[in-house]
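A look at the structure
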Amino acid sequence: MQKMAIFQCFLFFLLISSATACDRCVHHTKVAYFSTASALSSGACGYGSLALGFHGGHLAAGVPSLFKDGAGCGSCFQIRCKNTTLCSRAGTTVILTDLNHNNQTDFVLSSRTFIAMANKGMGQQILKLGLVDVEYKRVPCNYNKQNLAIRVEEMSKKPNYLAIKVLYQGGQTEIVGMDVAQVDSSRWTYMTRNYGAVWDTSNAPSGPLQFRFVVTGGYDGKWIWAKKKVIPADWKAGEVYDAGVQISDIAQEPCYPCDNENWR
C-alpha cells in the first residue's frame with residue numbers, strides 16, 4: 001500500500017508539472033543599464049567583441065538564477081517596461097552575455113537595449129529614469145538560419161589542451177554537456193565548462209574532431225550531434241568553425257498561467 005501511495009503521489013506531481021509546463025513564463029523585475037555595451041561584451045560569458053554583433057548589440061547581464069553558472073549564456077529574453085507612456089508594447093529582445101551581481105534587478109542592459117524598450121522619440125526620457133519596472137519572458141534565439149559555431153580559444157595548446165566557445169545557439173535551450181571525439185571514432189572525451197560559454201579538455205583527441213552536445217528540451221535533455229567533421233586536424237586558435245547543425249528546441253519551465261500573447 002505504501003509503495004502504491006508513493007507512486008500515486010509521484011504521478012500526481014508529474015501531471016501537475018506537465019500541466020503547468022510553459023515556454024513563455026512572464027517574470028517581473030526592474031532593470032538598469034550600462035552606458036556602454038563593451039562592459040557587457042567583455043563579461044562572464046567570454047564572448048568578447050563577438051557579442052557586439054549579437055542581436056544588434058542588445059546585450060544583458062543576468063542574475064545568477066538566469067546565468068546558471070554559464071549555462072544561461074546566449075539565452076534570449078523579450079523585455080518590455082511597464083511605463084506605457086514611454087515604452088512600446090513589444091519591448092526588445094536581448095541576449096545574455098554577462099553575470100549581474102546586483103540582486104535589485106534581474107538584468108542590467110546596454111544603453112542601446114534600454115533605449116530600444118522606448119516608444120519612438122522617448123529614448124532620452126527613459127535613459128533619464130535609469131531604473132524602470134519591466135516584465136520579461138524567455139524567447140527562442142533566432143540567428144537567421146546561422147548554424148551553431150565552434151570557436152577555438154587562444155588558450156588552446158596542441159596537442160592535448162583544447163578550449164572552445166559555442167556561438168549562435170538557436171532555440172530556447174541550454175547546453176549542459178559536451179563531448180569531443182576524433183572523426184570515425186566511438187571514443188568520446190568529456191568536456192567541462194571552464195567558464196561562461198567556454199568548454200575545455202586536457203585530453204583532446206588528435207586528428208579532425210566531431211562534437212556532440214546535451215541540450216535541455218522540455219524537462220529532459222537530448223543529444224545533438226554536430227556534423228561529422230567540425231574542426232580539422234590542423235585547427236588554429238582564434239578560428240570559428242561551422243558545426244553544421246542548428247538548435248531549435250524549446251525548453252519548458254513551470255508557471256501558471258502561461259503567456260500565449262505575442263508582444264508586438
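Residues numbered from 1 in each chain as written. Predicted model: local features only at pLDDT ≥ 70, side-chain atom pairs only at ≥ 80, totals over all residues. Heavy atoms only, no water.

Time to look at empty space enclosed by the protein. All chains considered together, the criterion is met by one cavity of 30 Å³ or more. Roughly 130 Å³ of volume is contained in the largest cavity. Around the largest cavity, the lining comprises 17 residues; the ones closest to its centre are Tyr47, Cys73, Val166, Gln169 and Ala197. (1 Å grid on protein atoms, 1.4 Å probe; cavity = no way out; pocket = protein on both sides within 12 Å on 5 of 7 lines; lining within 4 Å. Points joined across faces, edges and corners; volume = space filled by probe spheres on them.)

Turning our attention to the pairing of strand β9 (residues 162–167). Taken across its six residues, β9 has six buried, putting it largely inside the fold. Of the two faces of β9, the one holding Leu162, Ile164 and Val166 and the one holding Ala163, Lys165 and Leu167 are both buried throughout. As paired elements, strand β8 (residues 149–152) and β9 share four bridges and run antiparallel to each other. Each bridged residue has a counterpart across the sheet, and for Val152 the counterpart in β9 is Ile164. Relative to strand β12 (residues 198–201), β9 is paired through four bridges, and the arrangement is antiparallel. In the strand pairing of β12, Ala163 is matched with Asp200. (Buried < 20%, exposed > 50% of the residue type's maximum accessible area, 1.4 Å probe, protein only. Helix = DSSP H or I, 4+ residues; strand = E, 2+ residues; numbered from the N terminus. Pairing = 2+ DSSP bridges.)

On to the layout of surface pockets, then. Gaps between atoms show up when a probe of the same size as a water molecule is rolled over them. Estimates place the volume of the largest pocket at around 290 Å³. What lines the largest pocket is a set of 16 residues, and nearest its centre among them are Lys68, Arg138, Glu174, Gln252 and Glu253. Mapped by element, the contributors of at least two residues to the lining of the largest pocket are α3 (64–67) and β7 (132–139). A per-class count over the lining of the largest pocket returns four nonpolar, eight polar and four charged. Space inside the second largest pocket adds up to approximately 150 Å³. Every residue lining the second largest pocket is listed: Pro140, Cys141, Asn142, Tyr143, Asn144, Lys145, Gln146, Gly170, Gly171, Gln246, Ile247 and Ser248. Tallied by class, the residues present in the lining of the second largest pocket amount to four nonpolar, seven polar and one charged. (Nonpolar A, V, L, I, M, F, W, Y, C, P; charged D, E, K, R; others polar.)

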